[in-house]
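# Working through the structure, step by step
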Amino acid sequence: MGGPEVDHLIALLARLPGMGPRSARRAALKMLQHPEARMLPLAAALTEAAHAVRSCADCGNLDSQDPCSICADEQRDHTTICVVEGVGDLWALERARVYDGLYHVLGGTLSALSGIGPEDLTIHLLLNRIAEGGVKEVILALGATVDGAATAHWLTDQLRPTGVAVTRVGQGVPMGGALDVLDDGTLAAALRTRRAG
Ligand SMILES: [Zn+2]
């Protein structure tokens with residue numbers, strides 16, 4: 001139905017997180033019914049973001065400037081780095097406004113099952129940042145999964161020789177829960193109750 005252009009659009013939309021074929025069809029239909037108001041502005045925003053947004057060379061955040069707006073912000077506490085698995089976790093903490101230090105996006109967790117080893121994570125970049133001086137505390141805010149806990153343990157060992165304080169976010173992080181799905185109050189409590197790692 002609708003020709004190959006519509007089929008192609010639906011196929012692309014269906015690949016987005018949270019979308020399946022049914023919601024992709026509904027979204028495509030809504031857009032096609034209002035091409036000027038809904039479709040062309042979206043197409044322009046997609047093109048603009050695809051060209052402008054980069055990975056921050058310091059922390060791994062996605063931003064249209066590099067260093068990102070967080071790393072470049074002199075008002076923030078540059079002595080504290082919060083390590084998260086992915087950019088989604090970083091954005092969740094920013095949305096909750098519970099933290100004013102810097103971040104480091106690790107790029108995942110160690111996972112024997114998925115074949116993710118230390119070389120796949122950005123620990124060397126984190127160690128470089130610490131070696132540059134000025135960092136006093138590293139907060140590990142990894143998900144409370146088996147892999148997250150193993151990764152936090154491994155990171156604590158790797159960071160020990162640097163002499164910086166290593167802490168872990170505390171209670172309120174549900175088993176198997178990623179930071180991205182936590183509400184703001186829970187995130188705030190998790191950060192407030194961090195403890196020595
Ligand atoms: Zn950054």
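Quick look at the structure, then. All values derive from a computational prediction rather than experimental measurement.

On to the overall build of the protein chain, then. Summing up its helical and strand segments, the protein chain has 7 helices and 7 strands in all. In sequence order, the secondary structure elements of the protein chain are arranged as α-α-α-β-β-β-α-β-α-β-α-β-α-β. If you line up the protein chain on its principal axes, its C-alpha atoms span 60 × 35 × 35 Å. By the burial criterion, 38% of the 197 residues in the protein chain qualify as buried. Within the protein chain, counting contacts between residues at least 6 apart in sequence, those at least 24 apart form 54% of the total. When the accessible surface of the protein chain is totalled, it reaches about 11300 Å², and 56% of it is carbon and sulfur.

To continue, consider the packing of aromatic side chains. Counting across every chain of the model gives 1 aromatic pair. Considering the side-chain rings of tyrosine 99 and tyrosine 103, the 5.1 Å spacing of their centres and the 65° angle between planes classify their relative orientation as edge-to-face. Judged by relative accessible area, tyrosine 99 falls into the buried class, the value being 10%.

Further remarks concern the sheet that holds strand E3 (residues 77–84). Overall, mixed pairing links the 5 strands, which are arranged E4-E3-E5-E6-E7 in an open sheet. The sheet is open, and its two edges are formed by strand E4 (101–105) and strand E7 (195–196), each paired on a single side. Inspection of the sheet shows strand E6 (residues 165–168) paired to E7 by 2 bridges, in the antiparallel sense. Following the sheet pairing, arginine 168 is matched in E7 by arginine 195.

Turning our attention to the coordination of the zinc ion. Distances from the zinc ion to its protein donors, Cys56 (SG), Cys59 (SG), Cys68 (SG) and Cys71 (SG), fall within 2.3 to 2.4 Å. For the zinc ion, the 4 donor atoms are set out with angles of 104 to 115° between them, so the coordination reads as tetrahedral. Here the donor residues of the zinc ion are spaced in sequence according to C-x2-C-x8-C-x2-C. Taken together, the positions of cysteine 56 in the loop between strand E1 (54–55) and strand E2 (62–63) and cysteine 68 in the loop between E2 and E3 put the pair 12 residues apart, joining distant regions of the chain. Look at cysteine 56 and you get buried, because its relative accessible area is 5%.

What counts and how
- Residue positions are given per chain, counting from 1 as you read along its sequence in written order.
- Since the coordinates come from a predicted model, pLDDT governs what is reported: local features require at least 70, and pairs of side-chain atoms require 80 or more to be given and counted, while whole-chain, interface and lining totals use all residues.
- Excluding hydrogens and water, the side-chain values take into account all heavy atoms of the structure.
- To qualify as a helix, a DSSP run of H or I must reach at least 4 residues; to qualify as a strand, a run of E must reach at least 2; elements of each kind are numbered from the N terminus.
- Summary of the burial criterion: residues with accessible area below 20% of their type's maximum are buried, those above 50% are exposed, and those between are partly exposed, where the area comes from a 1.4 Å probe applied to protein chains only.
- We call two residues in contact whenever any of their non-hydrogen atoms come within 4.5 Å of each other.
- For every accessible area listed, the method is Shrake-Rupley and the probe measures 1.4 Å; residues are considered covered only by the protein chains on display.
- Working definition: rings of Phe, Tyr and Trp (its six-membered ring) pair if their centres are within 6.5 Å, and the pair is stacked with planes under 30 degrees apart, edge-to-face with planes over 60 apart, and tilted otherwise.
- By this definition, two strands are paired if DSSP reports at least two bridges between them.
- Sodium, potassium and calcium take a 3.2 Å donor cutoff, other metals 2.8 Å, and in both cases only N, O and S atoms count; water is not among them, so sites may look incomplete.
- Under the classification used here, a metal with four donors is tetrahedral if each angle lies between 85 and 135 degrees, square planar if opposite donors are over 155 degrees apart and the others between 65 and 115, a six-donor metal meeting that same test is octahedral, and anything else is irregular.

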